[in-house]
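# Close look at the chain arrangement
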Amino acid sequence: MLAACQRTPQVLPQQAYIWQRQWSPAVGNAMQASDQLVGGWRVLAAELSAQRQWKTAYPDWQALRATTHAIVMVVRLDGQTDSLDAATQTRIAALLARWRQQDVPVAGVEIDYDCPTSQLPVYRNFLVGLRQSLDRDTTLSITALPTWLSSPELNKLLAVADESVLQVHAVMNPRQGLFDAERAHAWLKAYAKQTAHPWRVALPSYGTRVSWDDNGRISAVESERPLLASGHASQELAASPTAVSAFLAQLDKDPSPGLIGVVWFRLPTEDDQRNWSLPTWQAVLARQPLKSAVTVEALPNAQAGLHDLTLHNIGNADSALPPVVRIDAASACDAADGINGYALEADAKGKYLRRTREGLLRAGYQRNIGWVRCQQQDIQLHVER
């Protein structure tokens, strides 16, 4: 009887966004390496800017044809655009036809439109027309924001789409962080009451850099694409694999009504430096325990007596760079310096390298953080946290 009363958590189905406009070989490699852990791909097809300019993505058609999973073609509309008209519907239909001409198994279309709450009635009318232009076998999906939860128009909007994806990351003031698990749980409970259709939740695996100008306004947001921008101040925001993994475990244990899965933003690749490493992401998807293991060693350089100081993460979890790497005072080292985010300093205990900017050391990666010139081969180093 006790066993019957205890419900074993079921792993929620998982999909992932692929958000590159220009695909490199690393994207296809990451897809292939993660194929057994996801049940579908949501792939960026095009973006419409606030200035009504279309930017089309150029995916690897062969990689999309090779997958055994369903593909959802995603069209992003800038939240400030007013181009919710028949011409935009026609453009989306043309994109869908083009993808199917490439023999891509497109099962659905998703609209990503982060509009102000006041625009929800207009957005709903646009979706009604778009739904009519699609065949019934093509699922219509939309992304949704927590800021819409207070609007009486939300349930009318969600009634038009076949399914929706609630975004719970990057929806707050950037100074409050990228992801807050407690708020996200509250949003999920409220959202479940707004829709009778199936829905998913989008979870983050990435980081971003936010810059502010001299007046305190956001001047740039750098994420999957590097920007040549600067500001008076900037801050690196990142989704913690440990925090997101714990949130995911709670979803598996107690999913909200109607929740049918998770969509990850975004598929990590070797090229994407503001994302979790692929091993970390795969460990989270597989519900494996996360373990970071950062070590440091002195590797002999070609120059006599010179050693490169290198950090290694031999665990399966990306780890914050250690704030201090200390050089043992007993080591007879007459010169040293730090690089790649570390600077040489000294105190009563001796020389050490101090972290000058925050960052992650990805699982399976290494970073050269400095050098020392010593008379001995056996150099003692210590990571301090």
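Residues numbered from 1 in each chain as written. Predicted model: local features only at pLDDT ≥ 70, side-chain atom pairs only at ≥ 80, totals over all residues. Heavy atoms only, no water.

### Thoughts on the pattern of salt bridges
It is possible for side chains of opposite charge to pair when their charged atoms get near one another. For the structure on display, the rule yields 14 salt bridges. For Glu 163, the salt bridge goes to Arg 200, with nearest N and O atoms at 3.2 Å. With Glu 163 in strand β7 (residues 163-167) and Arg 200 in strand β8 (residues 199-204), this pair connects stretches of sequence that are 37 residues apart. The residues Glu 163 and Arg 200 share a single accessibility class, namely buried. (Salt bridge = Lys/Arg side-chain N within 4 Å of Asp/Glu carboxyl O. Helix = DSSP H or I, 4+ residues; strand = E, 2+ residues; numbered from the N terminus. Buried < 20%, exposed > 50% of the residue type's maximum accessible area, 1.4 Å probe, protein only.)

### Here we look at the environment of Pro 146
Along the chain, Pro 146 turns up in the loop between β6 (139-144) and α6 (154-160). Note: C-alpha distance between Pro 146 and Ala 186 (40 residues apart in sequence) is 9.7 Å. Other than its neighbours up to four places away in sequence, Pro 146 contacts Leu 166, Gln 167, Val 171 and Trp 187. (Contact = heavy atoms within 4.5 Å.)

### Notes on the packing of aromatic side chains
Under the criterion given, the structure shown has 10 aromatic pairs. An aromatic cluster is present here, built from Tyr 17, Trp 19, Tyr 206 and Phe 265 joined pairwise through their rings. (Phe/Tyr/Trp six-rings, centres within 6.5 Å; stacked < 30°, edge-to-face > 60°.)

### Observations regarding the state of the cysteines
This structure, assessed with the given rule, holds one disulfide. The disulfide partner of Cys 333 is Cys 374, and the S-S distance across this bridge is 1.8 Å. On the sign convention where negative is left-handed, the bridge of Cys 333 and Cys 374, at about 90° about the S-S bond, is right-handed. Within this pair, whereas Cys 333 is found in strand β17 (residues 333-338), its partner Cys 374 is found in strand β21 (residues 366-374), the two being separated by 41 residues in sequence. In this structure Cys 333 comes out as buried when scored by relative accessible area, which is 14%. (Disulfide = S-S within 2.5 Å.)

### Observations regarding the pairing of strand β2 (residues 40-48)
Counting buried positions along β2 yields nine of nine residues, so the element is predominantly enclosed. Pairing between strand β1 (residues 14-18) and β2: three bridges, direction parallel. What sits directly across from Tyr 17, in β2, is Arg 42. The handedness of the β1 to β2 crossover, carried by helix α2 (residues 25-34), is right-handed. Pairing between β2 and strand β4 (residues 70-77): eight bridges, direction parallel. (Pairing = 2+ DSSP bridges. Right-handed = clockwise from strand over helix to strand, strands pointing away.)

### Structural notes on α2
Buried within α2 are the following residues: Ala 26, Val 27, Gly 28, Ala 30, Met 31 and Ser 34. The inward-facing, buried residues of α2 abut β1, β2, α3 (61-66) and α9 (278-285).

### Some words on the pairing of β4
Counted residue by residue, β4 has six buried out of eight residues, so it is predominantly covered. Running through helix α4 (residues 86-101), the crossover from β4 to the neighbouring parallel element strand β5 (residues 106-113) is right-handed.

### Points about helix α7 (residues 181-192)
Given 3.6 residues per turn, any residue in an α-helix points the same way as the ones three and four places further on. Here α7 spans 17 Å end to end across 12 residues, near enough to the 16 Å set by a 1.5 Å rise per residue. The complete set of buried residues in α7 reads Ala 184, Trp 187, Leu 188, Tyr 191 and Ala 192. Viewed along the axis of α7, the buried residues span an arc of 125°, placing them on a single side of the element. Every exposed residue of α7 that faces more than 90 degrees away from the buried side is listed here: Glu 182 and Lys 189. Summarising the contacts, the buried residues of α7 are in contact with β6, α6, β7, β8, α8 (241-253) and β12 (259-265). (Expected span 1.5 Å × (residues − 1). Arc of directions from axis to C-beta.)

### Details of the sheet that holds β17
Taken in spatial order, the four strands make up an open sheet running β13-β14-β21-β17, and their pairing is antiparallel. Edge positions in the sheet fall to β13 (294-300) and β17, since each of these pairs with one other strand and no more. On average, each strand axis in the sheet is inclined to that of its neighbour by 25°, with strand direction left out of account. Taken together, the seven bridges between strand β14 (residues 306-313) and β21 define a ladder with antiparallel strand orientation. By the bridge assignment, Leu 306 is partnered in β21 with Arg 373. (Axes fitted to C-alpha atoms, helices over the stretch in contact; angles between N-to-C directions.)

Read these as spatial facts, not as claims about activity.
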